[in-house]
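# Commentary on secondary and tertiary structure
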Amino acid sequence: MLKRIIGLTGGIGTGKTTVSNYLANTYQLPILDADIYARDAVEPGSPVLNRIITRYGAEVQLADRTLNRKRLGEIIFPNPEERQWLEQQIHPYVRDRIESQLNTSESPTVVLVIPLLFEANMTDLVTEIWVVSCPQDQQIQRIQERDRLSLEQTQSRLHSQLPLAEKAARADVVLDNSSTRDSLLQQVDRALMRTRTNDK
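Residues numbered from 1 in each chain as written. Predicted model: local features only at pLDDT ≥ 70, side-chain atom pairs only at ≥ 80, totals over all residues. Heavy atoms only, no water.

Take the overall build of the chain next. Scanning the chain for helices and strands turns up nine helices and five strands. Each helix and strand of the chain, ordered N terminal to C terminal, gives the series β-α-β-α-α-α-α-β-β-α-α-α-β-α. Overall, the C-alpha framework of the chain stretches about 55 × 40 × 25 Å when taken along its three principal axes. Counting only residues that meet the buried cut, the chain has 46% of its 200 residues in that class. For the chain, the proportion of contacts with a sequence separation of at least 24, taken over those separated by at least 6, is 72%. On the chain, roughly 10,800 Å² of surface is accessible, and the fraction owed to carbon and sulfur atoms is 48%. For the chain, the separation between the mean place of its 24 positive charges and that of its 26 negative charges on side chains is 2 Å. (Helix = DSSP H or I, 4+ residues; strand = E, 2+ residues; numbered from the N terminus. Buried < 20%, exposed > 50% of the residue type's maximum accessible area, 1.4 Å probe, protein only. Contact = heavy atoms within 4.5 Å. Areas by Shrake-Rupley, 256 points an atom, 1.4 Å probe, with all protein chains shown as cover. Lys, Arg positive; Asp, Glu negative; His and termini not counted. Charge placed at Lys NZ, Arg CZ, Asp CG, Glu CD.)

Right, let's get into the side chain of Lys-16. Of note, Lys-16 is situated in helix α1 (residues 16-27). For the buried Lys-16, no salt bridge is present, and the opposite-charge side chain at shortest range is Asp-35, 6.5 Å distant. Aside from chain neighbours lying at most four places away, what touches Lys-16 is Leu-8, Thr-9, Gly-10, Gly-11, Pro-115 and Val-132. (Salt bridge = Lys/Arg side-chain N within 4 Å of Asp/Glu carboxyl O.)

What follows is about the nonpolar core. Membership of the largest hydrophobic core comes to 36 residues, with the highest contact counts inside it found for Ile-52, Tyr-56, Val-60, Leu-72, Ile-98, Leu-112 and Met-122. Secondary-structure elements contributing two or more residues to this core are α2 (34-41), α3 (47-56), α4 (69-76), α5 (80-104), β3 (109-113) and β4 (128-133). Here this core takes six residues from α5, the largest share from any one element. With residues near it in sequence (within four places) discarded, Met-122 still touches His-91, Val-94, Arg-95, Ile-98, Ile-114 and Leu-117. Counting 17 residues, the second largest nonpolar core, distinct from the first, contains Ile-6, Val-19, Leu-184 and Val-188. (Core = buried A, V, L, I, M, F, W, Y, C linked by side-chain atoms within 4.5 Å.)

Our focus in this paragraph is the pairing of β4. Burial of β4 is extensive: six of the six residues sit out of reach of the surface. Burial of the side chains of β4 extends over both faces: Glu-128, Trp-130 and Val-132 are buried on one face and Ile-129, Val-131 and Ser-133 on the other. One ladder, built from five bridges, connects strand β1 (residues 4-10) with β4; its direction is parallel. The residue of β4 that forms the bridge with Thr-9 is Val-131. Two elements, β4 and strand β5 (residues 173-176), share four bridges in a ladder whose sense is parallel. Its bridge partner being in β5, Val-132 is matched across the sheet by Leu-175. (Pairing = 2+ DSSP bridges.)

Enumeration over the complete set of coordinates arrives at nine salt bridges. Across the salt bridge formed by Arg-71 and Glu-74, the nearest N and O atoms sit 3.2 Å from each other. Here Glu-74 and Arg-71 lie together in helix α4, a separation of three residues that amounts to about one turn. One salt bridge connects Glu-119 with Lys-167, and the closest N-O pair in it is separated by 3.2 Å. Here the residue Glu-119 occupies a position in the loop between β3 and β4, and Lys-167 occupies one in helix α8 (residues 164-169), the gap between them amounting to 48 residues. For Glu-119, a relative accessible area of 23% gives the class partly exposed.

By secondary structure assignment, the location of Ser-107 is in the loop between α5 and β3. Of note is the side chain of Ser-107, whose polar atom sits 2.7 Å from the backbone oxygen of Thr-109. The residues touching Ser-107, leaving out its near neighbours within four places in the chain, are Lys-3 and Pro-30. (Polar contact = N/O pair within 3.5 Å; in protein donor to acceptor, adjacent residues only side chain to side chain.)

On to unusual backbone geometry, then. Negative phi values dominate among residues other than glycine, just as trans dominates among peptide bonds. At Gln-28, a residue that is not glycine, the phi angle is positive and equals roughly 55°. By secondary structure assignment, the location of Gln-28 is in the loop between α1 and β2 (31-33). Even without a glycine there, the phi angle at Arg-65 is positive, about 75°. Topologically, Arg-65 is positioned in the loop between α3 and α4.

This next bit is on the sheet that holds β1. Ordered in space as β2-β3-β1-β4-β5, the five strands form an open sheet in which the pairing is parallel. Only two strands of the sheet have a single neighbouring strand rather than two, namely β2 and β5. Between one strand and the next, the sheet's axes are offset by a mean angle of 25°, whatever the strand orientation. (Axes fitted to C-alpha atoms, helices over the stretch in contact; angles between N-to-C directions.)

With that settled, consider the environment of Arg-65. By relative accessible area, Arg-65 is classed as partly exposed at 48%. In this structure Arg-65 touches Pro-44, Gly-45 and Leu-49, once residues within four positions along its chain are discounted.

Given below as C-alpha cells:
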C-alpha cells in the first residue's frame, strides 16, 4: 500500500502547530517535525554548530555552549546571503532525518511539518501539501505576541519565506485559520477524510 505523506506547511504564526498537535492527538498520526531536527542539527559539539561559530564568532554561542538563536537571527534574517548559507548547513541534515524516519515508519499516513517545504525543495518527500493560511495582519499579531518581536523583526522573518499566497496556490489543501480554532480543526477533519475517501 502506498504511504500517504502529508506535507504540512504555511507561514510563521499561521497555526501549523495547532494542526499538527490535533492530527497527533486526535488521529494518532506520526508527526515528523523539521524544526525539531533543525534544533538537533545545532546541538553543542555538532559539526553544523561548529561551522556556525567559525563563521560568526563566539557571540553566537551561549555560556552553556548552546546556540544563541536570538543573536543568530539578528545576523541572518536581514541578510539573504547569510540565511542561505545557514540553510545549506541545516537542510541536508533535516532531510536525512526525515527520510530515515519515513523509511522506518509503518504508519500508512505520516505528517511532515516543514515550515520551509517549498524553500528547502522538499516537496518531493510528500504525496500532498497542506498549507495553513491567515491574513497577514493576523499573522503579524500572532508572531509579535508569541515571540515578543518588533514589527521590523517580524517583517524580516515574513520576508525570509515565500509569500503565503504563493504557498497556498501550490497546495492541495488550504486550511483557513482566520476564524476560530474549532473552524480550523473542522477543516482538518474534512481534508483528512475527503482525501481518504477519494483514495478508495
